[in-house]
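Notes for the structure review
Listed below, chain by chain, are the residues.
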Amino acid sequence: MSCPQACEIPETAQFSLAPSEELSRPCSVLCWDLLQTSVQEALEFPLPLRYMLLRLLPKPDGGVGSAGWSLPAPIRSDFPRLSVSVPGEAESVGGLSSRSIVLTYQEHLGVTYIILNEDPCPRMVIHNKCPIPLMLKETVKETARTEVYCRPLPANCSLHHELYHHFSSFPECRQKEMLPTLLLKTTSDHSSTDWTDPIDINCPGTQVVFLPGFGCLYIDVLYEKGTLVLCLAPEGGLDAVIHQHSSSRKASCRVLLSEASVVLSDDITNPSGSVELLRLTLTKLFLSLAPAPTSLPQEQGASDLGSAHISLVEVYCSNLQIDNQLYNRASFHFPVLLCQDQRNGAEPGGGPWSSEANPTESPEALEEFKRSCFLQLRMRLAGDRCNAEEVRA
């Protein structure tokens, strides 16, 4: 474990990569093996030392050790996938100041191929809400196969991170294995160099640790869309952090059903077996759950806090029919009890649905489908998801 400095990399070659839409062919890089100056038997990591550091362009000129570079990513066959946190400018107030880049390793006929992509699901996001910079260290449970660097956490900064536990076990599945504990300390010159007590990040919730040279440090652990989110805040600053993340978690889903049926059966009065009484058939059913938008622009500032926890449930159906399943068994006059009136003979909602043709292809097609539906239901749910504030049909 390299501490307290993040890393010290000797002088090496630098090269730039164009964006994916401009990079028509791979970029060739000469072999960058570092020469060993010590005896091979005494080495802690005997494999060839190959590292890659990433930074975003354009940036002011700086050396390899400047703040614009990421931590060294080991280039080895036993680490086929890594998520590299590349420093960058914050997107907005309270936004992330890094980009999560997936680095994949492949080798064919003696040629090493490195592929860089945006990480759609980062392993970990750390929000440091403290006014001082911190240093994060991972407690490695097993003998490390490569150098494990500490993660510098600038003051009032949010960035991505991936534990050695994550990339060292890929592609093995370790869902049931406990995550390692973390340690924190301050990095200022006049502060103590002692680490905090081990921090458990396996269970969501809030915990308090004593940070030498600073005081009480509140740590909030939560999972958001598969990403472990770690919030570090001083005393008195945790409520705003928890509210910020709780308000940003909004459930949203859409369900399209070409046809759905519900059957009402009699299993009690008929000893010979179950008898169908009624069958409800719904054709072209659209279900939607999404955060409710603010109703009026002038009320947006006052209603942001309340509307962040309000959900909008929409149900649209182009055709509904209730069949009398006892029509052939008894003297009932009507085989269909309820159906939609189709006087023009056209199929409501357009042609049949498929994975390539459905109303969610464009907002205009979705609105046209909603207007043509026989059944329309809109319901606003309160933050507890138990009380309905408004129902429209």
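Keep in mind it's a predicted model, so treat the numbers as computed, not measured.

This paragraph deals with the overall build of the protein. Within the protein one finds 4 helices and 19 strands. The buried share of the protein, taken over its 393 residues, is 35%. Long-range pairs, those at least 24 residues apart, make up 54% of the contacts in the protein between residues at least 6 apart in sequence.

Turning next to the confidence of the model for the protein. The predicted model of the protein averages 75 in pLDDT, with 66% of residues at 70 or higher. Within the protein, no element has a lower average pLDDT than helix α3 (residues 300–307), which sits at 44, and none a higher one than strand β7 (residues 134–138), at 92. Across residues 62–66, confidence stays below pLDDT 50; counting only partners more than four residues off in sequence or on other chains, it has 8 contacts. Every residue in residues 296–306 is under pLDDT 50, and counting partners more than four places away or in other chains gives 4 contacts.

In this section: the pattern of salt bridges. With the rule as written, the count across this model stands at 9 salt bridges. Between R123 and E162 there is a salt bridge whose closest N-O contact spans 3.3 Å. Taken as a pair, R123 in the loop between β5 (111–118) and β6 (124–128) and E162 in the loop between β9 (157–161) and α1 (164–169) lie far apart in primary sequence, 39 residues in all. Classification of R123 by relative accessible area gives partly exposed; the value is 28%. When salt bridges that share partners are traced, they join R81, D119, R123 and E162 into one network.

Rules used in this analysis
Residues numbered from 1 in each chain as written. Predicted model: local features only at pLDDT ≥ 70, side-chain atom pairs only at ≥ 80, totals over all residues. Heavy atoms only, no water. Helix = DSSP H or I, 4+ residues; strand = E, 2+ residues; numbered from the N terminus. Buried < 20%, exposed > 50% of the residue type's maximum accessible area, 1.4 Å probe, protein only. Contact = heavy atoms within 4.5 Å. pLDDT = per-residue confidence, 0-100. Salt bridge = Lys/Arg side-chain N within 4 Å of Asp/Glu carboxyl O.

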